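Summary of the model geometry
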Amino acid sequence: MKQQFLLLFILTSNLSFSQTESYLDSIFKVCNELKKQNTDIFIEKSHYLYSQTKKAKNEKYKQKTENLFGIYFTNNQKFDSGFVYFSKALVSAENNKDTLAIAKALMNIGIVLRYQKNFLKAEKYFNDAYLLCKTLNDNSVQISVLYNLSGLFLDWGKFNEAISVNRNSLALSTRINDIKNQIKALEALGSNFSELKQLDSAKKYLLIAYEKANAIDYDEEKIYLCNNIGVLYLQEKDYASAEKYLIEAESQALKQNAKNALIDIYANLKDLYYKTNQLKNCISYFHLQDSIKTLIYNQDLINTTAEIETKYQTEKKDLQLKQTNSELIFQAEKNKQKTIIIWIGALAFICTLFFLILAFVNYKRAKKANLIVQNQNQILELQKKEVQHQKSIIEEKQHEIISSINYAQRIQSAVLTGEEVWNKISKEHFIFFQPRDIVSGDFYWAHVLSNGRAVFALADCTGHGVPGGFMSMLGNSFLNELVVENKLFKADEILNRLRDKVIAALFQKGETQQKDGMDMALCVWNKMDNTLEFAGANNILYLVRDKQLLEYKGDKMPIGAYLEENKKFSAQKITVQTNDFIYLTTDGFADQFGGEKGKKFKSKQLEQLLVEVSSLPSEEQKERLTKAFLNWKLKQEQTDDVSVIGIKVT
């Protein structure tokens, strides 16, 4: 109302100033404000301004008005009209020889063509605008052109070109110390790398942008940065980090009343809590997303209704004026026919009322019957949908779980010590490794030190499957740290230090009765003097020499929390001879049920088997062990993870 009053004041001012630039500038400023309201008043007053610029032969404000029309129509998705007015603005700018205005007009035409999916022409206009800006050395417009050009390449699917443009924009923004445009360029680079599925690069740029936005309190941009960072962490399954950034995005969006952004944020939070099985939070954000959508729809409806109401009231007033004149002419004729009309109207009313009552009674009966049928159909349909929904959820969850376990198995296989290391220890060796599930709670590990010593171990972690797999990854990592990084080569010291690390990692204490940990047999073989140092946690080392079995028992305590937590592991020093065979095994083989009576295989039978195969080549030994295990197990389920390592002293 205030703006309309200001415009009315200007238009009714002394017309002797109507052709002055000051007068045109005042009208232009008001029209520019009205443009943001998207009202019909803008069109009316802007047409008046346009006529005044032509009348005054003022090319400068004629070009500015044409540009104003172009922006208005483009913002309201009337791209053909926007293109026409931006083209007129380009001609006017060329007539004025205003290079900066020409560059802006070229950029605006490129924007319209981008919205119309005419990417090839849009690229040409953006490039022409960019070259002009470079000749003018106008950094701000140059950055705007680069920003729109990168958006074009993103829509076009040319992500590498978009990255190149955004890097130019970042370099230019950095050179002129324009922090906000640096943030926009970094955010755009993050989006580009995200489209290319290069999540690490995407995250790097978005986090830098986030730090810069934090430094200057650029809150409106932090909404989108936090949301995009949260989505990246969600894709990486780093759910804690995803939640942190999405919650911050929600906080910023609520503070700034950014309803459209909240729809996307709530959708991502809903997805996060669904994937982390936090169903209560998932449902809560589903309802929040739905309520925001409803709120935006209702607000759009209110705005549309207000515009329609304003137009209706205007037309109504015009119609009332016309009707008033018509009523004066025909009033006399209406008075003469008044009595007849009243009687006809009364009769028509009575007849209409009768039929309406009759129709209403029939309608109520039919409606009641239809409602009963509809309710029954809706109940059946809802039950069907619920069953289908639950089925799809179960199938999706099962697929996700199996995919995750298979991926975990690939990771576990990758970290287990490879053949090249075992060959350095002894060319004659075998590893019989038979997990019960996809991933194993057993793991083997080896490393050859530069001082002529070889360290190798076989471990049985608490549990099997995924829990055991996690423990095995933990043990593998700690052995690398202790032996490879810290250069420990004393068997008992390695186990003591390993136990400390496991207890610390699992927050265990001796009196808690926790069972998490691992059993292990670990050897340090000094090839210089052929001595073998052995330390065991609930595990045994077998050595077969000339068909004679020698048994070396480890300490009766696990690598983990233990009631006698101050007790240290001990080491046994063994002198080995050429052709000796060293065997390490977990309890899975001996504990396997099978045979004719469905009993355990037992350690005694395993020891006899090892003695029998000890004279065979290592590969044949592995085949004999595999065959013996399968023949014993038959149709029984595998009880535990099974692992046996054999190493020949050469």
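What you are looking at is a predicted structure, and each value in this text was computed from that prediction instead of being measured.

Looking at the overall build of the protein
- The helix and strand tally for the protein stands at 20 helices and 13 strands.
- Each of the 650 residues in the protein was classed as buried or not, and the buried ones make up 40%.
- Once local pairs closer than 6 in sequence are excluded, the contacts in the protein between residues at least 24 apart make up 63%.
- Carbon and sulfur atoms form 55% of the exposed surface of the protein, whose accessible area is close to 37,200 Å².

What about helix α8 (residues 139–156)?
- In a regular helix each residue adds 1.5 Å, so 18 residues correspond to 26 Å; α8 covers 25 Å between its end C-alpha atoms and thus fits that length.
- Burial in α8 covers these residues: Val141, Gln142, Ile143, Val145, Leu146, Asn148, Leu149, Ser150, Gly151, Leu152 and Phe153.
- Where α8 is buried, its residues touch α6 (99–115), α7 (119–136), α9 (159–175) and α10 (179–195).
- Gly157 lies just past α8 and shows a positive phi near 85 degrees.

Re the pairing of strand β13 (residues 642–648)
- Burial within β13 is extensive, with 6 of its 7 residues counted as buried.
- Sheet topology note: the strand β1 (residues 429–434)/β13 ladder contains 6 bridges and is antiparallel. Note on β13: the bridge partner recorded for Phe432 is Val644.

Points about a nonpolar patch on the surface
- Together, Phe349, Ile350, Leu353, Ile357, Phe360, Val361 and Tyr363 make up an exposed nonpolar region whose accessible area comes to about 720 Å².
- Along the chain, Leu353 falls in helix α15 (residues 279–415).

Examining the pattern of salt bridges
- Here the structure, examined in full by the defined rule, presents 13 salt bridges.
- Put simply, Arg624 and Glu612 hold a salt bridge, and the shortest N to O gap is 3.8 Å. Pair noted here: Arg624 is in helix α20 (residues 618–633) and Glu612 is in helix α19 (residues 603–613), with a separation of 12 residues, a long-range link.
- You can call Arg624 partly exposed: its relative accessible area is 37%.

Here we look at the environment of Leu170
- Looking at where Leu170 falls in the secondary structure, it is placed in helix α9.
- Taking the relative accessible area as the measure of exposure, Leu170 reaches 18% and is therefore buried.
- Separated by 24 residues in sequence, Leu170 and Leu146 have C-alpha atoms that sit 9.7 Å apart.
- Once you skip the residues sitting within four places of it in the chain, Leu170 turns out to touch Gln182, Ala185, Leu186 and Leu189.

Let's talk about the packing of aromatic side chains
- What the rule picks out here adds up to 20 aromatic pairs.
- Seen in terms of ring centroids, Tyr233 and Tyr245 are 5.8 Å apart; in terms of plane orientation they differ by 15 degrees. Their pairing is stacked. Note that Tyr233 is positioned in helix α12 (residues 219–235) and Tyr245 in helix α13 (residues 239–255), a separation of 12 residues in sequence. One exposure class covers both Tyr233 and Tyr245, and it is buried.
- Their ring planes at 50 degrees and their centres at 6.3 Å tell us that Phe430 and Tyr583 sit as a pair that is tilted. A residue pair is termed long-range when its members are at least 10 positions apart, and Phe430 in strand β1 and Tyr583 in strand β10 (residues 581–585) qualify at 153 residues. Each member of the pair, Phe430 as well as Tyr583, is classed as buried.
- An aromatic cluster is present here, built from Phe432, Phe589, Phe601, Phe629 and Trp632 joined pairwise through their rings.
- Sitting over the ring of Trp156, Lys158 keeps its end group 3.8 Å from the ring centre.
- Geometry around Tyr218 places Lys180 over its ring, the cationic atom sitting 4.8 Å from the centre.

Some points on the sheet that holds β13
- Taken together, 5 strands build an open sheet; the order of strands is β1-β13-β10-β6-β7 and the sheet is antiparallel. The strands lining the two open edges of the sheet, one partner per strand, are β1 and β7 (548–553). Going across the sheet, the axis of each strand differs from the next one's by a mean of 15 degrees, ignoring polarity.
- Examined bridge by bridge, β10 and β13 share 5 bridges and lie antiparallel to one another. Directly across from Thr585, in β13, lies its bridge partner Val644.

Examining unusual backbone geometry
- Positive phi, normally seen in glycine, also occurs at Asp217, with a value near 55 degrees.
- Of note, Asp217 is situated in the loop between α11 (199–215) and α12.
- A positive phi is found at Asn579, a non-glycine position, where the angle reads about 80 degrees.
- Mapped onto the fold, Asn579 is located in the loop between β9 (572–575) and β10.

What to know about the confidence of the model for the protein
- The predicted model of the protein has a mean per-residue pLDDT of 83, with 85% of residues at 70 or higher.
- Scored below 50 in pLDDT, residues 1–18 makes 21 contacts in the model with residues more than four places away or belonging to other chains.
- Counted against residues more than four places away or in other chains, residues 303–315, with its pLDDT under 50, gives 1 contact.

Some details on α10
- Here α10 contains 17 residues, and its C-alpha end-to-end distance of 24 Å stays within 8% of the 24 Å for a straight helix at 1.5 Å per residue.
- Turning to α10, its buried residues number three or more, namely Asn181, Gln182, Ile183, Ala185, Leu186, Glu187, Ala188, Leu189, Gly190, Asn192 and Phe193.
- Against α8, α9, α11 and α12 lie the buried residues of α10.
- Lys197 sits one or two residues past α10 and shows a positive phi near 65 degrees.

What counts, and at which threshold
Residues numbered from 1 in each chain as written. Predicted model: local features only at pLDDT ≥ 70, side-chain atom pairs only at ≥ 80, totals over all residues. Heavy atoms only, no water. Helix = DSSP H or I, 4+ residues; strand = E, 2+ residues; numbered from the N terminus. Buried < 20%, exposed > 50% of the residue type's maximum accessible area, 1.4 Å probe, protein only. Contact = heavy atoms within 4.5 Å. Areas by Shrake-Rupley, 256 points an atom, 1.4 Å probe, with all protein chains shown as cover. Expected span 1.5 Å × (residues − 1). Pairing = 2+ DSSP bridges. Patch = residues over 30% accessible without salt bridge, like charges linked within 9 Å, V, L, I, M, F, W, Y side chains within 5 Å. Salt bridge = Lys/Arg side-chain N within 4 Å of Asp/Glu carboxyl O. Phe/Tyr/Trp six-rings, centres within 6.5 Å; stacked < 30°, edge-to-face > 60°. Lys NZ or Arg CZ within 6 Å of the ring centre and 35° of its normal. Axes fitted to C-alpha atoms, helices over the stretch in contact; angles between N-to-C directions. pLDDT = per-residue confidence, 0-100.

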